[in-house]
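Reading the structure
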Amino acid sequence: MQGTRYETISIIGDGGMATVMAILLCEKAESSKSESRYVVRMWGYDSRQLADIEKCRENKKFLPGYKLPEALVFEPDDERIMTGADLIVSAVPCQFMRPVWNRLKNYVPEDVPIVSVAKGIENETLLRPTQIIADVLGEKRLSAVASAKAEASRYAVLSGPTIADELARKLPATACAASEDESLAIDIQHTFNCSWLRIYTNTDIVGVELAAACKNIIAIAAGIIDGIGAGDNTKAALLTRGLAEITRLGVAMGARPQTFAGLAGLGDLVTTCISPKGRNRSFGERVGKGQTVEQAQAANESVVEGVATCESVVALASRYNIEMPITQAVYEVLFENKPVEKAIADLMSRQLKAE
């Protein structure tokens, strides 16, 4: 089955993932045999930063070293970026999504699908990325659809073990396109699939987004383990038990358990916990080596989503009465100044139980 062909794609955001998605889509447009128009546009919150990227044809802040295609259109205007769009890609960090979409909401076409590539849980509302967009656009978009189910079917997520730098180098990778509407998931699959990025589909958007958010917390813990030199046995235990607690929360929230054994779950978790380029793991490593949370955050150009997400997931665990000891331990280290050694000792001395 072939998916819908989107001829005008608007990317909201100008970070690393937004940039690599722009590269992928522009290269697909160039290689397309169709004579029809195929346009990729990028918008950024800061028009001056966007202009710098356009001038250099390189995103020196978030994805340095990769030349951007000449075909990529940079559009700083809020209304024009939405005009004529067939597909909208939301590539804004989770905690900044609401102000961005509030700014753009009056220009968003009511019948255009939106695919999110963000990973996180909003602190104040405990909403996932697609839920944040739907919440902001809710009244406007609901007026054009027949039911809440139809509204939800216009949102999708693209997630998986997709470190932007490796994608930009065209190293073989995989990801998952998820939507409650299987036909939309297939559309997204065909839009982003290419010779170096293989896309699978999934209809469990809750599980995919939750797995994407929670793995960043475990990655911080993995970095702390690297920082203190606790060893590979410790990291293996962390990943295994971390995945178990993420799955418990997901199932309680209505997700399918098998989602967490797939690309968006185990796949993304492994990549984020072992990659030297992963900013959540690298942040955790600096904490493990003795830096304060503030110092470790300041060393990153990009947002360390796992820090804010940790607050949200602890709140979700409390809401659903789910035991998440690793997440709780990370929270205590980050927000309650608990010494790393004490947090590990407390985890190891918990009451014995069956796996």
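Anyway, here's the lowdown on the structure attached to this text. Bear in mind the structure is a predicted one, so any value in this text is a computation, not a measurement.

**As for the overall build of the protein chain**
- Along the backbone of the protein chain there are 16 helices and ten strands.
- For a compact globule of 355 residues, the expected C-alpha radius of gyration is about 20 Å, and the protein chain comes in at 20 Å, within 12% of that figure.
- For the protein chain, the proportion of its 355 residues judged to be buried stands at 55%.

**Examining the environment of Gly44**
- Along the chain, Gly44 falls in the loop between β2 (39-43) and α2 (47-56).
- With relative accessibility at 1%, the residue Gly44 sits in the buried group.
- For the pair Gly44 and Pro76, spaced 32 residues apart in sequence, the C-alpha separation works out to 6.3 Å.
- With sequence-adjacent residues up to four places away left out, Gly44 is seen in contact with Asp14 and Leu50.

**What about the pairing of strand β9 (residues 173-178)?**
- Along β9, five of the six residues are buried, which leaves the element largely enclosed by surrounding structure.
- Note: strand β8 (residues 155-159) against β9, three bridges, orientation antiparallel. Each residue of the ladder has a partner; that of Ser159, found in β9, is Cys176.
- In terms of handedness, the path from β9 via helix α8 (residues 182-192) over to strand β10 (residues 197-202) forms a crossover that is right-handed.

**Digging into the packing of aromatic side chains**
- The tally for this structure, following the rule as stated, stands at one aromatic pair.
- On the basis of an interplanar angle of 35° and a centroid distance of 5.0 Å, the ring pair of Tyr331 and Phe335 is categorised as tilted. Residue Tyr331 and its partner Phe335 are located together in helix α15 (residues 325-335), separated by four residues, close to a single helical turn.
- Residue placement shows Arg103 over the ring face of Tyr45; its charged tip is 5.0 Å from the ring centre.

**Notes on the nonpolar core**
- Among the nonpolar cores identified, the biggest contains 52 residues, and Leu238, Leu249 and Phe283 are the most heavily contacted of them.
- Ranked by the residues each element gives to this core, the list is headed by helix α9 (residues 205-228), at 15 residues.
- Residues in contact with Phe283, not counting those within four places in the same chain, are Ile220, Val293, Ala296, Gln297, Asn300, Val304, Val307 and Leu334.
- Counting 42 residues, the second largest nonpolar core, distinct from the first, contains Tyr6, Ile53, Val115 and Cys194.

Analysis parameters
- Residues numbered from 1 in each chain as written.
- Predicted model: local features only at pLDDT ≥ 70, side-chain atom pairs only at ≥ 80, totals over all residues.
- Heavy atoms only, no water.
- Helix = DSSP H or I, 4+ residues; strand = E, 2+ residues; numbered from the N terminus.
- Rg over C-alpha atoms; globule rule 2.2 N^0.38 Å.
- Buried < 20%, exposed > 50% of the residue type's maximum accessible area, 1.4 Å probe, protein only.
- Contact = heavy atoms within 4.5 Å.
- Pairing = 2+ DSSP bridges.
- Right-handed = clockwise from strand over helix to strand, strands pointing away.
- Phe/Tyr/Trp six-rings, centres within 6.5 Å; stacked < 30°, edge-to-face > 60°.
- Lys NZ or Arg CZ within 6 Å of the ring centre and 35° of its normal.
- Core = buried A, V, L, I, M, F, W, Y, C linked by side-chain atoms within 4.5 Å.

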